[in-house]
Amino acid sequence: AEDISAISAIYHQYRGNAESLAAHYGLHLELINKNPPTSGDDFARKLLEGIYAGEKSDIARGALRKNLAEDINVVSANLRRVTTKECQGPLRKDVEDIAKVYLSCKGIEALASKF
């Protein structure tokens, strides 16, 4: 009860300002805004229950997901359809060039040493 009273007093000292409370207690502002307190006692209970003490990696992961989803929507709106070419097999010139190198090496070992 003393803890709740002390925390509640600080809540009222900052007039419930989430940014000030986050800075004072070293909390994540996003978590306070996500689950805002209704009073000083409510803030104290949530603080002591750990509701405002999230892991930085969890918050960063959530922000990354949100930003990625927004970026994907923006980029996908600018994509356009293109016709792709299908492979028709190796080009005759490529086969001839490879055959020349193979024949000049006189064996697979010599050929492998060139690459």
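Everything numeric in this text was worked out from a predicted model, so none of it was measured.

Examining the overall build of the protein
Each helix and strand in the protein was counted, giving 7 helices and 0 strands. Tracing the protein from N to C terminus, the helices and strands come up as α-α-α-α-α-α-α. Residues classed as buried in the protein amount to 19% of the 115 residues present. Taking as baseline every contact in the protein between residues at least 6 positions apart, the subset at least 24 positions apart corresponds to 37%. Counting every atom, the protein has about 9,500 Å² of accessible surface; 54% of that belongs to carbon and sulfur.

Details of helix 6 (residues 92-105)
With 14 residues, helix 6 should cover 20 Å at 1.5 Å per step; its first-to-last C-alpha distance of 20 Å lies within 8% of that length. Residue Lys106 follows helix 6 closely and has a positive phi angle near 55°.

Brief notes about the side chain of Lys46
Relative to the helices and strands, Lys46 is located in helix 4 (residues 40-49). With relative accessibility at 12%, the residue Lys46 sits in the buried group. The contacts of Lys46, once residues within four sequence positions are left out, are Asn35, Pro36, Pro37, Ile51 and Tyr52.

Regarding the packing of helix 1 (residues 2-13) against helix 2 (residues 18-25)
It is the contact of helix 1 with helix 2, at a shortest axis distance of 9 Å, that shows an interaxial angle of 135°. With respect to helix 2, the axis of helix 1 lies oblique. Between helix 1 and helix 2 the crossing geometry is right-handed. In this structure, helix 1 contributes Ile7, Ile10 and Tyr11 to the contact, and helix 2 contributes Leu21, His24 and Tyr25.

Reading the values: the criteria
- Residues numbered from 1 in each chain as written.
- Predicted model: local features only at pLDDT ≥ 70, side-chain atom pairs only at ≥ 80, totals over all residues.
- Heavy atoms only, no water.
- Helix = DSSP H or I, 4+ residues; strand = E, 2+ residues; numbered from the N terminus.
- Buried < 20%, exposed > 50% of the residue type's maximum accessible area, 1.4 Å probe, protein only.
- Contact = heavy atoms within 4.5 Å.
- Areas by Shrake-Rupley, 256 points an atom, 1.4 Å probe, with all protein chains shown as cover.
- Expected span 1.5 Å × (residues − 1).
- Axes fitted to C-alpha atoms, helices over the stretch in contact; angles between N-to-C directions.
- Parallel < 35°, antiparallel > 145°, perpendicular 65-115°, else oblique.
- Left-handed = near helix turned anticlockwise from the far one by under 90°.

Honestly, that's just the spatial picture; any functional story needs more than this.
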